[in-house]
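For reference, the chains in residue letters:
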Amino acid sequence: PALATYEIRKVNRTGPTITEFYDFKNADGQTVSVFERPPASDYYDARTRPWYKGTLETKKPFWSDPYVFLLSNQVGITATYPVLDAQGDVRMVLSADIPMTEISRLLEKNKLGAHGVTFLANENGDLIGYPDTSKTIKKTADGVAILATIPDTQNPQVIKAFEQYQTTKQLQFS
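Residues numbered from 1 in each chain as written. Predicted model: local features only at pLDDT ≥ 70, side-chain atom pairs only at ≥ 80, totals over all residues. Heavy atoms only, no water.

### Some details on the pairing of strand β7 (residues 90–99)
(1) Moving on: Sheet analysis places strand β6 (residues 75–84) next to β7, joined by nine bridges and oriented antiparallel. Following the sheet pairing, G76 is matched in β7 by P99.
(2) Moving on: Linkage of β6 to β7, two consecutive antiparallel strands, is achieved through a turn of five residues, within which G88 is found at a positive phi near 85 degrees. (Pairing = 2+ DSSP bridges. Helix = DSSP H or I, 4+ residues; strand = E, 2+ residues; numbered from the N terminus.)

### Some details on helix α1 (residues 50–58)
(1) Moving on: The complete set of buried residues in α1 reads W51, Y52, G54 and T55. End-on view of α1: buried residues confined to an arc of 160 degrees, all on one side of the axis. Every exposed residue of α1 that faces more than 90 degrees away from the buried side is listed here: P50 and E57.
(2) Moving on: Turning to α1, the residues buried within the fold contact β4 (62–63), β5 (67–68), β6 and β7.
(3) Moving on: Within two residues after α1, K59 carries a phi angle of roughly 60 degrees, on the positive side. (Buried < 20%, exposed > 50% of the residue type's maximum accessible area, 1.4 Å probe, protein only. Arc of directions from axis to C-beta. Contact = heavy atoms within 4.5 Å.)

### Some thoughts on the layout of surface pockets
Vacant regions in the atomic arrangement are exposed by a probe of water-molecule size rolled over the atoms.
(1) Moving on: Here the largest pocket is characterised by a volume of approximately 1600 Å³.
(2) Moving on: E7, I8, R9, W51 and S95 are the residues nearest the centre of the largest pocket, which is lined by 40 residues in total.
(3) Moving on: At the level of secondary structure, the elements contributing two or more residues to the lining of the largest pocket comprise β1 (6–12), α1, β7 and α2 (100–109).
(4) Moving on: The element that contributes the greatest number of residues to the lining of the largest pocket is β7, accounting for 10 residues.
(5) Moving on: Within the lining of the largest pocket, the residues separate by chemical class into 22 nonpolar, seven polar and 11 charged. (1 Å grid on protein atoms, 1.4 Å probe; cavity = no way out; pocket = protein on both sides within 12 Å on 5 of 7 lines; lining within 4 Å. Points joined across faces, edges and corners; volume = space filled by probe spheres on them. Nonpolar A, V, L, I, M, F, W, Y, C, P; charged D, E, K, R; others polar.)

### Comments concerning the sheet that holds strand β2 (residues 19–25)
(1) Moving on: An order of β1-β2-β3 is seen for the three strands of this open sheet, with the pairing classed as antiparallel. In this open sheet, the two edge strands, each paired with only one partner strand, are β1 and β3 (31–37). With strand direction ignored, the average angle separating the axes of adjacent strands in the sheet is 15 degrees.
(2) Moving on: Where β1 lies against β2, seven bridges are found, and the strand directions are antiparallel. Within the sheet, the bridge partner assigned to I8 lies in β2 and is D23. (Axes fitted to C-alpha atoms, helices over the stretch in contact; angles between N-to-C directions.)

This is how it looks when you write it as structure tokens:
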């Protein structure tokens, strides 16, 4: 919906029929629309996703590597938080998809002096966030979104900082 900023999807697999509900919220957290998906056999199964499996394995909050979101075709990351029962087993996994464009918007606001650049990348050098959102995602010839990498920034400071990180694992640069 046009006024929705957040989408909360609840999937219940405990009964004989899978139910799926969507709760759309505005920026203030108020519900603007609710939708129940009709029963079907082709439900998206989050339990097959790497972020879900990572949360089950670690039983701790988990951050995915960047990937293309199934429905929106946007590139982003998924942050998760496990809800544990009294025995320490995962009862459910809460997740939030964060588009890379939103991360980049936050970084754009975080100025580091006159020439500094704030960026986020994973160990592989895939860009997770960069102040210039046009450099975080590349498109293939057929229009599919793929991850940009550190060299795609064409920023010598960023490239040098990442090369230094790969050598020293140092997280702060001057």
